[in-house]
Amino acid sequence: MYRVLSASKDAYITNKIIGNTFRATDANTGKAGTLDLFKLYDESTLSGSDSPVEISRILIHFDLNPLREMTGSTLDIGHSSFNCVLKLHDIYGGQTTPSNFKLIAFPLSRSFDEG
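Residues numbered from 1 in each chain as written. Predicted model: local features only at pLDDT ≥ 70, side-chain atom pairs only at ≥ 80, totals over all residues. Heavy atoms only, no water.

### Thoughts on the sheet that holds strand E1 (residues 7-14)
Spatially, E1-E5-E4 is the arrangement adopted by the three strands of the open sheet, whose pairing is antiparallel. Of all the strands in the sheet, just E1 and strand E4 (39-41) have a single pairing partner and so form its edges. For this sheet the average axis-to-axis angle between neighbouring strands, irrespective of direction, equals 10°. Relative to strand E5 (residues 53-62), E4 runs antiparallel, the two sharing three bridges. (Pairing = 2+ DSSP bridges. Helix = DSSP H or I, 4+ residues; strand = E, 2+ residues; numbered from the N terminus. Axes fitted to C-alpha atoms, helices over the stretch in contact; angles between N-to-C directions.)

Written out as structure tokens, the structure reads:
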């Protein structure tokens, strides 16, 4: 069986340094056209920080009710054949992008607002 679930809401949060003066830690970019995932080293300067690192985190929400309804009847998530894949795509074709990296997906403990 093959099932496709699309995200019902998404956002990304960041600690980007703005104008080399402050670190924005309260931005929620929900309803944006893209999800920007990055880890930047020494791209900016910030007083009191020798080598600042700027990161973003992606938040994606999926409505899992269609899967819950199938659990126990046609879906067994404990079976060895059960597999889930999260597909993200690079939209900046032609630009240099990182390779050989790993992403880790964690469940959220609470809901989030998109935007």
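Let's pick the thread back up.
### Some points on the environment of Ser-8
As for its position among the elements, Ser-8 is in strand E1. Between the C-alpha atoms of Ser-8 and Phe-62, which are 54 residues apart in sequence, the distance is 5.5 Å. If we ignore the near neighbours within four places in the chain, the residues touching Ser-8 are His-61, Phe-62 and Asp-63. Of note is the side chain of Ser-8, whose polar atom sits 2.6 Å from the side chain of His-61. (Contact = heavy atoms within 4.5 Å. Polar contact = N/O pair within 3.5 Å; in protein donor to acceptor, adjacent residues only side chain to side chain.)

### A look at the pairing of E5
Two strands pair when backbone bridges link them, and E1 and E5 are joined in this way by seven bridges, in the antiparallel orientation. When the bridges of E5 are listed, Asp-10 appears paired with Ile-60.

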